[in-house]
Amino acid sequence: MSFQVEGKVAVVTGGSSGIGLAAVEILVAEGAKVAWCGRDEQRLAESKLYILEKYPHANVFTQSCNVLNQAEVDTFAQAVTQHLGNVDMLINNAGQGRVSNFDNTQDEDWMKEIELKYFSVLHPIRAFLDNLKVSAIGSVTNVNSLLALQPEPHMIATSAARAALLNLTHSLSHEFMQYGIRVNSILLGMVESAQWKRRYENRSDLNQSWEEWIGNIAKKRGIPMQRLGKPDEPAHALVFLASPLASYTTGTALDVSGGFNKHI
Ligand code: NDP
């Protein structure tokens, strides 16, 4: 069964790496026109090259953009519609987590975390809302974390900000029903990506290979599936929720955590 997104226009924020890039690839493979952004020009150019080498006929657009800057997001949005047409699906994926507990989280860190989790979603929604309103299949899909429901003391600020994003996503799903726009999110456990590669670079035991290191994390954390997720696993969930296949689903949060969720 296809995702029914052929010829539709999708935007993926933070599409230059990890889960975002995996979502871009699935959408392109399904025949969607896809735009994505990231801040780092080189990473963005490399991701575009990767996609076009695999899918030479893909209709894609990339532009460097910091989602925390509304003016940059507006410029990106204008360029996207000029190049690809009216946007049907917005996937808010850009971001990262903060590892810190109460003791070593300063006011500035709290503010940064709240800014990232709120505005990485609010700015793109503002910029693309008029497009989504006139789309026949308009959808917003936010990447969120299981931390929203299952906080971890060593990620105190991220957990609290993720809970707020879950709440915000639900409110938006109700407000946007009048426009026919569905709003959903996914709740991630731990997924192999550039974030984890960066943490691996700073590992204490330099003799550990990547496989050993992530295998140990899965074991230590007690992930029931005994492994971290691969980027295409949450990406498939994202594309499903963004697509018309999920046409009767809004205001929901889909767990993609390898069974790490402890709530009913
Ligand atoms: P990656 O680091 O591989 O990808 C993050 C992407 O977001 C990159 O393309 C990055 O590009 C972009 N990005 C980050 N900040 C901004 C910004 N301000 N403006 C525009 N683009 C930005 O990480 P993941 O694939 O793991 O992360 C994807 C999402 O999943 C994030 O929101 C993350 O918090 C969330 N998540 C991931 C988990 C995991 O275990 N991997 C767990 C829970 C949540 P650039 O740096 O060039 O801007």
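The rules we used
- Residues numbered from 1 in each chain as written.
- Predicted model: local features only at pLDDT ≥ 70, side-chain atom pairs only at ≥ 80, totals over all residues.
- Heavy atoms only, no water.
- Helix = DSSP H or I, 4+ residues; strand = E, 2+ residues; numbered from the N terminus.
- Expected span 1.5 Å × (residues − 1).
- Buried < 20%, exposed > 50% of the residue type's maximum accessible area, 1.4 Å probe, protein only.
- Arc of directions from axis to C-beta.
- Contact = heavy atoms within 4.5 Å.
- Domains from an automatic or database assignment.
- Buried area = accessible area lost by both parts, 1.4 Å probe.
- Salt bridge = Lys/Arg side-chain N within 4 Å of Asp/Glu carboxyl O.
- Polar contact = N/O pair within 3.5 Å; in protein donor to acceptor, adjacent residues only side chain to side chain.
- Near = heavy atom within 4 Å.
- Areas by Shrake-Rupley, 256 points an atom, 1.4 Å probe, with all protein chains shown as cover.
- Nonpolar A, V, L, I, M, F, W, Y, C, P; charged D, E, K, R; others polar.
- Pairing = 2+ DSSP bridges.
- Axes fitted to C-alpha atoms, helices over the stretch in contact; angles between N-to-C directions.

## Here we look at helix α7 (residues 210-221)
- Compared with an ideal rise of 1.5 Å per residue, which puts 12 residues at 16 Å, α7 spans 16 Å between its outermost C-alpha atoms and is within 8% of the ideal.
- Regarding α7, the residues found buried are W210, W213, I214, I217 and A218. The arc that holds the buried residues of α7, viewed along the axis, is 135°, so those residues lie on one side. Every exposed residue of α7 that faces more than 90 degrees away from the buried side is listed here: E211, K219 and K220.
- On its buried side, α7 packs onto α6 (194-201).

## What to know about the domain arrangement of the protein chain
- When the domains of the protein chain are assigned, the result is domain 1 (9-191 + 231-254) and domain 2 (193-228).
- Summarising the inter-unit geometry, the C-alpha centres of domain 1 and domain 2 are found 25 Å apart.
- Taken residue by residue, the interface counts 12 residues in domain 1 and 11 residues in domain 2.
- Both sides together, the interface formed by domain 1 and domain 2 hides about 910 Å², and carbon and sulfur atoms give 49% of it.
- The largest contributions to the domain 1 side of the interface with domain 2 come from M190, V191 and E233, which together make up 54% of the buried area.
- Put simply, domain 1 and domain 2 have two salt bridges between them.
- Ionic pairing is found between R221 and E152, a salt bridge with its closest N-O pair at 2.9 Å.
- Between domain 1 and domain 2 we count five residue pairs in polar contact (both at pLDDT 80 or more) in total.

## Details of the pattern of salt bridges
- This structure, assessed with the given rule, holds eight salt bridges.
- The salt bridge partner of D109 is R98, with a shortest N-O separation of 3.5 Å. One end of the pair, D109, is in helix α4 (residues 107-134); the other, R98, is in the loop between β4 (89-92) and α4, with 11 residues separating them in the sequence.
- Among the residues examined, R98 registers a relative accessible area of 23% and is labelled partly exposed.
- One salt-bridge network, held together by shared partners, links R98, D109, E113 and K117.

## Structural notes on the site of the ligand
- Taken together, 29 residues are adjacent to the ligand, and S16, S17, R39, S193 and W196 come closest.
- A distance of 3.2 Å is found between an oxygen atom of the ligand and a side-chain nitrogen or oxygen belonging to Q195.
- In isolation the ligand exposes 880 Å². Once the protein is present, 94% of that is buried.
- By residue class, the composition of the shell around the ligand is 10 nonpolar, 14 polar and five charged.
- Two domains each put at least three residues into the shell around the ligand: domain 1 (9-191 + 231-254) and domain 2 (193-228).

## Some words on the sheet that holds strand β1 (residues 9-13)
- Read from one edge of the open sheet, seven strands run β3-β2-β1-β4-β5-β6-β7, paired in parallel fashion. Either end of the sheet is taken by a strand with one partner, and the two such strands are β3 (60-64) and β7 (253-256). When strand polarity is set aside, the average angle formed by the axes of neighbouring strands in this sheet is 15°.
- Of the strand pairs in this sheet, strand β6 (residues 182-188) and β7 are connected by four bridges, and their pairing is parallel. Following the sheet pairing, I186 is matched in β7 by L254.
- Contacting β1, β2 (33-38) and β3, helix α3 (residues 70-84) crosses the sheet at an angle of about 160° to β3.

## Describing unusual backbone geometry
- The phi angle at Q4 is positive, at roughly 60°, despite the residue not being glycine.
- For Q4, a relative accessible area of 43% corresponds to the partly exposed category.
- The phi angle at Q226 is positive, at roughly 60°, despite the residue not being glycine.
- Tracing the sequence through the fold places Q226 in the loop between α7 and α8 (232-242).
- Here Q226 falls in the exposed class, since its relative accessible area comes to 65%.

## What to know about helix α1 (residues 18-29)
- If you check α1, its first and last C-alpha atoms are 17 Å apart, about what 12 residues at 1.5 Å a residue would give, namely 16 Å.
- Most of α1 is tucked away: 10 of the 12 residues are buried.
- Those residues of α1 that sit buried are I19, G20, L21, A22, A23, V24, E25, I26, L27 and V28.
- Where α1 ends, the next residue or the one after it, G31, has phi of about 90°, a positive value.

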